[in-house]
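# Survey of secondary and tertiary structure
What follows is each chain in one-letter form.
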Amino acid sequence: IELYTKAIESGTFSGDPQTLGNIYFGRGIAHRKKDDCNSAIPDLQKALETINKGDIHFTLAACHLKLNQEDLALKDLDNAVKADPDAIMYRSARCKLLFNKRDFAGALPDCEKALAVTGTDKDLMIATAQSAEQTGNRTRAAEVYRKLLAADPGNTIAAEGLKRVGS
């Protein structure tokens, strides 16, 4: 943190906004690793003034979640997905956050995209199956519950889900 601060305060990079943004991002990550989100957030926001990287938004979302600021975290994840629509990690995180907020219809598209790539994340399978079930797609819910049972034969959530959807 000290070295990042010295680099920022030196003024050496004031004419290079990209590098300066990366330095702020680095210091923000260092604060985050020290579990100091109150110090990390301003640095991450400063980094976003000059560079738009999904990782910065994602790290900001992690801090907002740590501080129980779910609505801000959701905005950060939305921005992470906009910055890098193919990053499954961002979609998976947004799926789980929306699922936990009980926004099943909002969660489902991200859940499906993330599950298509990862396939074995049990939490993602549960979020996908239950979101499908809650939005009325019992066939898809049953399919994912069966995959979850194949991966984890003793999974009671999947077994109970299959009973509810009639498969």
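Residues numbered from 1 in each chain as written. Predicted model: local features only at pLDDT ≥ 70, side-chain atom pairs only at ≥ 80, totals over all residues. Heavy atoms only, no water.

### Re the environment of serine 92
Formally: A helix here means a DSSP run of H or I that spans at least four residues, while a strand means a run of E at least two residues long, and both kinds are numbered starting from the N terminus. Buried means the residue's accessible area, taken with a 1.4 Å probe over protein chains only, is under 20% of the maximum for its type, while exposed means over 50%, and partly exposed covers the values in between. Throughout, a contact is declared for two residues whenever any of their heavy atoms are within 4.5 Å.
Checked against the element boundaries, serine 92 lands in helix H6 (residues 88-100). What makes serine 92 buried here is its relative accessible area of 11%. Residues serine 92 and leucine 115, spaced 23 residues apart in sequence, show a C-alpha to C-alpha distance of 7.9 Å. Sequence-distant contacts of serine 92, that is, excluding residues within four places in its chain, are made with Ala114, Asp121 and Leu124.

### Points about the environment of lysine 122
Structurally, the position occupied by lysine 122 is in helix H8 (residues 122-134). We classify lysine 122 as partly exposed; its relative accessible area is 37%. Along the sequence, lysine 122 and lysine 147 sit 25 residues apart, while their C-alpha atoms lie 9.6 Å from each other. Not counting the four nearest positions on each side in its chain, lysine 122 is found in contact with Leu148, Ala151 and Asp152.

### Regarding the pattern of salt bridges
Opposite charge on two side chains permits them to pair, given that their charged atoms come into close proximity. Heads up, the rule is: We define a salt bridge as a contact between a side-chain nitrogen of Lys or Arg and a carboxyl oxygen of Asp or Glu at a distance within 4 Å.
With the rule as written, the count across this model stands at 13 salt bridges. In this structure, the salt-bridge partner of aspartate 35 is lysine 66, at a minimum N-O distance of 3.4 Å. Taken as a pair, aspartate 35 in the loop between helix H2 (17-33) and helix H3 (37-48) and lysine 66 in helix H4 (residues 54-66) lie far apart in primary sequence, 31 residues in all. Residues glutamate 143 and arginine 140 are paired through a salt bridge, measuring 2.7 Å at the closest nitrogen-oxygen approach. Of the two residues, glutamate 143 and arginine 140 both sit in helix H9 (residues 138-151), three residues apart, roughly one turn of that helix. Beyond isolated ion pairs, a larger network of salt bridges with shared partners links Asp78, Arg91, Arg94 and Asp110.

### Some points on the state of the cysteines
As a reminder, the rule being used: Disulfide: a pair of cysteine sulfur atoms within 2.5 Å of each other.
Scanning the model with the defined rule gives two disulfides in all. Through a disulfide, cysteine 37 is tied to cysteine 63; the S-S separation comes to 2.5 Å. Given an S-S torsion of about -80°, the disulfide between cysteine 37 and cysteine 63 has left-handed geometry. In this pair, cysteine 37 sits in helix H3 while cysteine 63 sits in helix H4, placing the two residues 26 residues apart along the sequence. Per residue, the accessibility class of cysteine 37 equals that of cysteine 63, and both read buried. Described in terms of the sequence order of its bonded cysteines, the disulfide pattern of the chain is 1-2, 3-4.

### A closer look at the nonpolar core
The line we're drawing: Here, the term nonpolar core denotes a set of buried Ala, Val, Leu, Ile, Met, Phe, Trp, Tyr and Cys residues that are joined through side-chain atoms within 4.5 Å.
Cys111, Leu124 and Tyr145 are the most contacted members of the largest nonpolar core, which totals 29 residues. Counting residues per element, the ones that place at least two in this core are helix H5 (70-83), H6, helix H7 (104-118), H8, H9 and helix H10 (156-165). With residues up to four places along the chain from it excluded, the contact list for leucine 124 reads Ser92, Cys95, Lys96, Cys111, Ala114, Leu115 and Thr118.

### Quick notes on the packing of H7 against H8
A pair of packed helices is characterised by two quantities: the angle between their axes and the separation of those axes. Basically, it comes down to this: Note on method: axes are straight lines fitted to C-alpha atoms, helices fitted across the in-contact stretch only, with angles between N-to-C directions ranging 0 to 180 degrees. In what follows, roughly perpendicular refers to angles from 65 to 115 degrees, roughly parallel to angles under 35, roughly antiparallel to angles over 145, and oblique to any angle outside these ranges. Note on convention: near helix rotated counterclockwise from far helix by under a right angle means a left-handed crossing. Clockwise means right-handed. When residue character is reported, Ala, Val, Leu, Ile, Met, Phe, Trp, Tyr, Cys and Pro are called nonpolar, Asp, Glu, Lys and Arg charged, and the others, Gly included, polar.
Contact geometry of H7 with H8 gives a least axis separation of 9 Å together with a crossing angle of 140°. Judged by the angle between their axes, H7 and H8 are oblique. Seen along the crossing, H7 lies across H8 with a hand that is left-handed. Touching Phe104, Ala107, Leu108, Cys111, Glu112, Ala114, Leu115 and Thr118 of H7 are Leu124, Met125, Ala127, Thr128, Ser131, Ala132 and Gln134, all from H8. Per-class residue counts for the contact of H7 with H8 are ten nonpolar, four polar and one charged.

### Topic: H9
Selection rule: Helix span is expected to be 1.5 Å times the residue number reduced by one.
An ideal rise of 1.5 Å per residue puts 20 Å on 14 residues; H9 measures up with 20 Å between its terminal C-alpha atoms. Those residues of H9 that are buried are in contact with H7, H8 and H10.

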